[in-house]
Amino acid sequence: MEMKDSCSVILTAYHSYAQSRIHLVDEGYAPPRHSPCRKVQYQGIDLLGRMSSRGTRPSPPPSPPERPASRDSQDSMEDYWSEVKNIEEDGQRGHEDLLERGSMDEVELEEAWLQDAGLSTLMSGALGEGPAEALLSTLTRSQAAMVKKRVDNYTLTVRKRSKQPTRHVRDIFSTPDKLPVDPIPPVPPKSPNGDMPSRCVHRTSSRVRPACPSFSQSTERRVSECPPCPPPQDTSDSLSFEVPYSEGTTAHHRGRQGDCQDCQRIRRDDHDLPTFQLPRPKLGLTRIQDLSCEDMKKIGYISLIELTTFYDGLGIELKRNRAARSKARDSGIFGVPLTTLLENDQKKFPGSKVPLVFRKLLSKLEQTGLQTEGILRVPGSASRVKHLRQELEQKLYEDRFDWEQVRHNDAAGLLKMFIRELPYPLLTLQHAPAFSAAQNISSPRQQIQALHLLIMLLPEPNRDTLKALLEFLRKVVAYEEKNRMGLWNVSMIVAPNLFTYRGKNAKQEEMQGAAGAAHLVRLLITHQDLLWTVPCFLISHVRKLNEAGASKKPPSSEKTKRKLLLMRRKTTEREKTERSELTDLRQGVIRVHAPLHAKISMAIQLDNETKAKDVMARFDYENGRGTRNTSRRPRQYLFEVGGNIGERSLDPETHLLDVYHVNPHCEWVLKPTTT
């Protein structure tokens, strides 16, 4: 009877030893759609809240004297729901008045998608010779089929909406034997930013087949069967950057998914988490900050089309959130959009890419809090956090705020509060459904691929701020032995702050997506280096797009015509120089320009082993890098500029002869990076 009496306390769902009540899965992770144990946990927390409101709040359960690194929380979602309760007590879950969740109608949906994909001219029907035609010429068959489907759906919905007011009553109440001659076919699944009909959920159904027959046929011919699975004990693998991710969805469906280790459920144990190694292409790795802003804008266009095709191939149902037209704060710190914060910061600190208050809080935690037990988990004093927030609002930009008074847990509370109170989520309102939908992908490889494309789509302020957060979280996990915060613990604490749920079904959605959201945060932390690397197939798209745009650019202006005439006059004078340059190019000779070096130019003979780091080392040697004057200069990197790319900073391991073959008309410049 004593055991039964004590069991009544377990309903609070805070005891990790109540395995029958809080153990969510046996050995692996499954999408939490039908998990009654989460409901028990959340009801326990609600019960605790109601008891506290009546003044009968029970005492917290006793914790063991020495908390294991992260084993207890891997068996339950205790830390997640504790964080949810702390957030509810603070009463800060974002600004409901600034955000409105709702489904867009078909016309608005397709207009927004075509606009974000850089294909807005297709809505008018006049393609012409502009950027949209150049973009279409670089797409794969499956991507082109997806664009065609979106354009057809846009045209169809516009036609239907324009005809609705003039419909006859007999058309509305028509009998089944008086259906139209050419009925409208069922619409297949939409993009990550679109709605999918409820009847089109299972991808094995005939209704979710693409409208274009050539898509499935050509894809099946070009994509091979699913490759053999690696041995069960080997969880390390590499992720190919050469082929668009959407090309692998058909092959994965045709393979035996039940026998594929890649589709097995993910265990909560951090040691069982699959790891994907960064590939080492000869063209070199390209980080997001290595590309020019103009090229990254084109990367966004292509990534949206690729993500749409990728999700459509997986048969994922998605909805798009709508932002209400409410004016956000244009001054202050908390509750201010990232873009506004950065504009204010850059007035005082030019070149800032992460909000000042965010950087200060991270710096405070890194300096003194990484070894604090329970950092991020143990909440700070509510009254102190409120007082510190008010002081930050008043004194931060005046350099009068005393950071010495900020305790570790209070800084962690301010950091999480800043993320929650962003009027527009850090993962963006537009792409939040696509992030959440990645929870339902059974393959870890395809989850990483979905996150990879979504990171490419984030606006620059959101992407840079998210990267700063993930770098800090990785440092927290590195000190697990001292702070008792393992990877799964950190993920559970951050998830409810990063994935916010709003609306009348918010609690139900949060219960269903709790474990999946924490798992996505875990993937973001562990694979952040990979996720912030631009895939080679996207860069190849940009090169083709730039080449197509240059070839289709007509010399319409008078200024351009005068330039062409001037070039013709100088043709005879430059023939000898051009011939010698062509001879050098055939021999693999490039000329590297280094404006900041004493020797500003140097001819380099390329071979199969010449790398970017070799050219950098040669310039350093020729200009006496080890002297006192040169040692103060910022480190310089080799860039490819022009040709079929705007500008790209080359990885030191890049094989230059391969870059030379891909972009023979570029210039080679040695200079510091802008970041």
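Thresholds applied
Residues numbered from 1 in each chain as written. Predicted model: local features only at pLDDT ≥ 70, side-chain atom pairs only at ≥ 80, totals over all residues. Heavy atoms only, no water. UniProt positions renumbered as here; feature names shortened; annotations may be inferred. Helix = DSSP H or I, 4+ residues; strand = E, 2+ residues; numbered from the N terminus. Expected span 1.5 Å × (residues − 1). Bend = angle between axes of the 7 residues up to and from the residue. Buried < 20%, exposed > 50% of the residue type's maximum accessible area, 1.4 Å probe, protein only. Polar contact = N/O pair within 3.5 Å; in protein donor to acceptor, adjacent residues only side chain to side chain. pLDDT = per-residue confidence, 0-100. Contact = heavy atoms within 4.5 Å. Salt bridge = Lys/Arg side-chain N within 4 Å of Asp/Glu carboxyl O. Core = buried A, V, L, I, M, F, W, Y, C linked by side-chain atoms within 4.5 Å. Phe/Tyr/Trp six-rings, centres within 6.5 Å; stacked < 30°, edge-to-face > 60°. Lys NZ or Arg CZ within 6 Å of the ring centre and 35° of its normal. Pairing = 2+ DSSP bridges. Axes fitted to C-alpha atoms, helices over the stretch in contact; angles between N-to-C directions.

The name an unreviewed UniProt entry gives the protein is Rho GTPase activating protein 28, with Oncorhynchus kisutch as the organism. What UniProt states about the protein under its Function (unreviewed entry) heading is, verbatim, "GTPase activator for the Rho-type GTPases by converting them to an inactive GDP-bound state."

A. Fine view of helix 22 (residues 506-526). Counted at 1.5 Å a residue, the expected span for helix 22 with its 21 residues is 30 Å, and the 28 Å between its end C-alpha atoms agrees. A maximum bend of about 55° is found in helix 22 at Gly 513. With respect to burial, helix 22 is a largely interior element, 16 of its 21 residues being buried.

B. Spotlight on the side chain of Asp 312. Among the structural elements, Asp 312 can be located in helix 12 (residues 293-314). A distance of 3.3 Å separates polar atoms of two side chains, one belonging to Asp 312 and the other to Lys 149.

C. A look at the confidence of the model for the protein. Across the protein, the average pLDDT comes to 74, with 63% of residues at or above 70. When mean pLDDT is compared element by element in the protein, helix 19 (residues 460-478) scores highest at 97, while helix 10 (residues 213-222) scores lowest at 35. In this model, residues 165-236 is a region of pLDDT below 50 whose contacts with residues beyond four sequence positions or in other chains number 112 contacts.

D. Representation of the pattern of salt bridges. Applying the stated criterion to the full structure yields 23 salt bridges. Across the salt bridge formed by Asp 290 and Arg 287, the nearest N and O atoms sit 3.0 Å from each other. Notably, a salt bridge pairs Arg 329 with Glu 393, separated by 3.7 Å at the nearest N-O pair. You can see Arg 329 sitting in the loop between helix 12 and helix 13 (338-348) and its partner Glu 393 sitting in helix 15 (residues 382-395), a full 64 residues away along the chain. We classify Arg 329 as partly exposed; its relative accessible area is 37%. Take Glu 393: its relative accessible area is 25%, and that puts it in the partly exposed class. Here the residues in one salt-bridge network are Arg 543, Glu 640 and Arg 648, joined through shared partners.

E. Looking closely at the nonpolar core. Membership of the largest hydrophobic core comes to 122 residues, with the highest contact counts inside it found for Leu 119 and Tyr 311. Among the nonpolar cores identified, the runner-up in size contains 19 residues, and Ala 594, Ala 612, Leu 650 and Leu 657 belong to it.

F. Seen up close, the packing of aromatic side chains. Counted by the stated rule, this structure contains six aromatic pairs. Between the aromatic rings of Tyr 80 and Trp 81, the centroid separation amounts to 4.9 Å while the plane-to-plane angle is 80°, which identifies the pairing as edge-to-face. Here Tyr 80 matches Trp 81 in class, with each residue buried. Aromatic rings pair up to connect Phe 334, Phe 358 and Phe 418 into one cluster. One Lys or Arg, Lys 467, reaches over the ring of Trp 532 and ends 5.8 Å from the middle of that ring. In this structure, Lys 671 is placed above the aromatic ring of Phe 639, and the distance from its NZ or CZ to the ring centre is 4.8 Å.

G. Molecular detail of the pairing of strand 4 (residues 601-605). Burial of strand 4 is one-sided: the residues Met 602 and Ile 604 facing one way are buried, the residues Ser 601, Ala 603 and Gln 605 facing the other way are not. As paired elements, strand 3 (residues 589-593) and strand 4 share five bridges and run antiparallel to each other. In the strand pairing of strand 4, Val 589 is matched with Gln 605.

H. Inspection of the sheet that holds strand 3 at higher detail. An order of 4-3-7-5-6 is seen for the five strands of this open sheet, with the pairing classed as mixed. In this open sheet, the two edge strands, each paired with only one partner strand, are strand 4 and strand 6 (645-649). Sheet twist, expressed as the average angle between the axes of neighbouring strands with direction ignored, equals 30°. As defined by bridge partners, strand 5 (residues 636-642) adjoins strand 6 across four bridges and the pair is classed as antiparallel. Considered in strand 6, the bridge of Phe 639 is made with Ser 649. Sheet contacts for helix 24 (residues 536-551): strand 5 and strand 6; angle to strand 6, the most-contacted strand, approximately 145°.

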